[in-house]
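# Report on the structure
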Amino acid sequence: MQDQVAQLAFVTIASVLEQAYFSMQVIWARRKYKISPPNTSGHPAFDRVLRAQLNCTEYLPIFLSTLWVAGIFFHQGLAALCGLLYLYARYKYFHGYAASALLRLWPMYFSASFLWLLTGLSLLGLLDFFLRSYCGVHIKQNWLMG
Amino acid sequence: MQDQVAQLAFVTIASVLEQAYFSMQVIWARRKYKISPPNTSGHPAFDRVLRAQLNCTEYLPIFLSTLWVAGIFFHQGLAALCGLLYLYARYKYFHGYAASALLRLWPMYFSASFLWLLTGLSLLGLLDFFLRSYCGVHIKQNWLMG
Amino acid sequence: MQDQVAQLAFVTIASVLEQAYFSMQVIWARRKYKISPPNTSGHPAFDRVLRAQLNCTEYLPIFLSTLWVAGIFFHQGLAALCGLLYLYARYKYFHGYAASALLRLWPMYFSASFLWLLTGLSLLGLLDFFLRSYCGVHIKQNWLMG
């Protein structure tokens, strides 16, 4: 089983480390603007950092779901590459949003495009699997054979 | 490995697409009520749409966990079916909550009942596995054999 | 496949049941302080319970990711044990935070240390896998052989 998921597992742990980095940014912003838990608001700059972190957290399960399904049913290496580009886009998004609400926009679209790509690859992989299993049609093979 | 999880993977991608649909509803509500990020409040109707989306997001990891454990340890097809019914209940919940806080109630109980069902199936499947592995007791087989 | 993940699946379902317990505490706090959805604030004691539950929810995907990667690539039993200790720390965190913002601190550090441990085990397991697959180096075996 390890062979089929090692690269996906690596990207998963990379995403966990990125989330840890975002959480630390929130803690530092809490100290800088003197906003103690359970308060979640108090200064526009802190609000943006917190919203950026929460948005990344919200999308993590969606990202990991599409990463793993695309990796298992379409192609592991391609899914892992899309995953790394998604994490890079999220890094840009976080620091863009921390600077201003406007600067979050292009990395947001950039990260969303990789999510849609992973979703598309997942659907293609599943379509291929179900056609192969239930109808005996081999799409991928036909592509490769020309 | 694909055979054992293809239906679970399909329901997973369906849940991702449903979440994408909910996120778009929030974006449309932001435009309609003119509430720009990082603000998360401002009009009761917007607050309900945002809370509905957040609640669905919160439950996504729990739903996916029980879906996959029930599917791998109890029965894939049955888990996938419960999963689809859960996603239907969540759709009803979202639009109920968007209309009024009261209308969210019955689909909330409806969706919770499928989560509990998936949790129960997971526990039964795991119990069967551990009894089989460590005590040599075959519950499922005994049921089928009568 | 079941053999390699049964203990991880068990800890996963335990974490789902713990989340269900936390969610019920929020519902009870809503009733006690008469704060109806979609409101998410209104009394400091309620705010703390809600923040405690949200924090546990936020970390659930991160916890499950590291649990499974550590379990599949390093050692299932050790990962499951760290997982159970993490869940115990989260239980202490929840009730600490419900009592006061200060009492959340030590179980927060305690739970974080298990998350870091699981992340470290994941990275070690993946490093071992990639060295074995691409460089032919067997770290784990060398350890065992002395």
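Here is a short report on the structure shown in this document. The model shown is predicted, which means the values in this text are computed figures rather than measured ones.

Before going further, it helps to spend a moment on the interface of chain A and chain B. With 27 residues of chain A in contact, the opposing surface of chain B contributes 25 residues. Roughly 2200 Å² of surface becomes buried between chain A and chain B when both sides are summed, with 77% attributable to carbon and sulfur atoms. Connecting chain A to chain B are zero salt bridges. Between the two partners, chain A and chain B, sit two residue pairs in polar contact (both at pLDDT 80 or more). Taken together, the elements giving at least two residues each to the side of chain A that touches chain B come down to α1 (2–32), α2 (44–73) and α4 (105–135) of chain A. Here the side of chain A that touches chain B is composed, by residue class, of 16 nonpolar, five polar and six charged.

It takes a turn of 120 degrees to lay chain C on chain A, together with a shift of 0.0 Å along the axis; the resulting RMSD is 0.0 Å. Taken together, the rotation and translation relating the two chain copies correspond to the operation of a three-fold axis. Considering only C-alpha atoms, the part of chain C nearest the rotation axis is C:P61, at 3.6 Å. Little of the interface of chain C is mirrored in chain A, where only 11% of its interface residues again form contacts.

Turning next to the relation of the copies chain A and chain B. The transform that puts chain A on chain B rotates by 120 degrees and translates by 0.0 Å along the axis, for an RMSD of 0.0 Å. Counting the interface residues of chain A, we find that no more than 11% of their copies in chain B are interface residues as well, pointing to two distinct contact surfaces.

Residue and element names in this part refer to chain A. Remark: helix α3 (residues 76–99) packs on α4, axes separated minimally by 8 Å, with the N-to-C direction vectors making an angle of 160 degrees. Comparing the axis directions of α3 and α4 gives the class roughly antiparallel. For the pair α3 and α4, the sense of crossing is left-handed. Together, L78, A79, C82, L85, Y86, Y88, A89, R90, K92 and Y93 of α3 and P107, M108, F110, S111, F114, L115, L117, L118 and L121 of α4 make up the contact between the two elements. When the residues that make up the contact of α3 with α4 are grouped by side-chain class, the tally is 16 nonpolar, one polar and two charged.

Below, the discussion takes up the pattern of salt bridges. For side chains bearing opposite charge, pairing can occur when the charged atoms are close. All names here are of chain B. Per the counting criterion, the structure on display carries three salt bridges over all chains. R132 is the salt-bridge partner of D128, the closest N and O atoms lying 3.1 Å from each other. Of this pair, D128 and R132 both sit in helix α4 (residues 105–135), four residues apart, which is roughly one turn of that helix. Of the residues examined, D128 reaches a relative accessible area of 4% and is grouped as buried. Relative accessible area serves as the criterion here: at 30%, R132 is assigned to the partly exposed category.

With that settled, consider α1(A). Residues and elements named next belong to chain A. Across its 31 residues, α1 extends 44 Å between first and last C-alpha, which sits within 8% of the 45 Å expected from 1.5 Å per residue. The sharpest bend along α1 reaches about 30 degrees and sits at L8. One or two residues past the end of α1 sits K34, with phi positive at roughly 50 degrees.

A separate point is the packing of aromatic side chains. Within a pair of aromatic rings, the relevant descriptors are the distance that separates the centres and the angle that separates the planes. Considering all chains together, one arrives at 33 aromatic pairs over all chains under this definition. Between the aromatic rings of A:F130 and B:F10, the centroid separation amounts to 6.4 Å while the plane-to-plane angle is 90 degrees, which identifies the pairing as edge-to-face. In this pair, A:F130 is assigned in helix α4 and B:F10 in helix α1 (residues 2–32), connecting two distinct chains. A centroid spacing of 5.8 Å and a plane angle of 55 degrees characterise the contact between B:W106 and B:F110, whose relative ring orientation is tilted. Of the two residues, B:W106 and B:F110 are both situated in helix α4; the distance of four residues between them amounts to about one turn of the helix. An aromatic cluster of at least three residues, connected via ring pairs, comprises A:F10, C:F73, C:F129, C:F130 and C:Y134. Above the ring of B:Y93, the side-chain terminus of B:R90 is found at 4.9 Å from the ring centroid.

Chain C puts 27 residues into the contact, and the matching count from chain A is 25 residues. Between chain C and chain A lies a buried interface of about 2100 Å² when both sides are counted; carbon and sulfur atoms form 77% of it. Here chain C and chain A share two residue pairs in polar contact (both at pLDDT 80 or more) between them. Those elements giving two or more residues to the side of chain C that touches chain A turn out to be α1 (2–32), α2 (44–73) and α4 (105–135) of chain C. Sort the elements by how many residues they give to the side of chain C that touches chain A and α2(C) lands first, with 12 residues. Grouping the constituent residues of the side of chain C that touches chain A by class yields 16 nonpolar, five polar and six charged.

Thresholds, definitions, all that
- Residues numbered from 1 in each chain as written.
- Chains lettered and ligands numbered in written order.
- Predicted model: local features only at pLDDT ≥ 70, side-chain atom pairs only at ≥ 80, totals over all residues.
- Heavy atoms only, no water.
- Contact = heavy atoms within 4.5 Å.
- Buried area = accessible area lost by both parts, 1.4 Å probe.
- Salt bridge = Lys/Arg side-chain N within 4 Å of Asp/Glu carboxyl O.
- Polar contact = N/O pair within 3.5 Å; in protein donor to acceptor, adjacent residues only side chain to side chain.
- Helix = DSSP H or I, 4+ residues; strand = E, 2+ residues; numbered from the N terminus.
- Nonpolar A, V, L, I, M, F, W, Y, C, P; charged D, E, K, R; others polar.
- Least-squares fit on C-alpha atoms with pLDDT ≥ 70 in both.
- Axes fitted to C-alpha atoms, helices over the stretch in contact; angles between N-to-C directions.
- Parallel < 35°, antiparallel > 145°, perpendicular 65-115°, else oblique.
- Left-handed = near helix turned anticlockwise from the far one by under 90°.
- Buried < 20%, exposed > 50% of the residue type's maximum accessible area, 1.4 Å probe, protein only.
- Expected span 1.5 Å × (residues − 1).
- Bend = angle between axes of the 7 residues up to and from the residue.
- Phe/Tyr/Trp six-rings, centres within 6.5 Å; stacked < 30°, edge-to-face > 60°.
- Lys NZ or Arg CZ within 6 Å of the ring centre and 35° of its normal.

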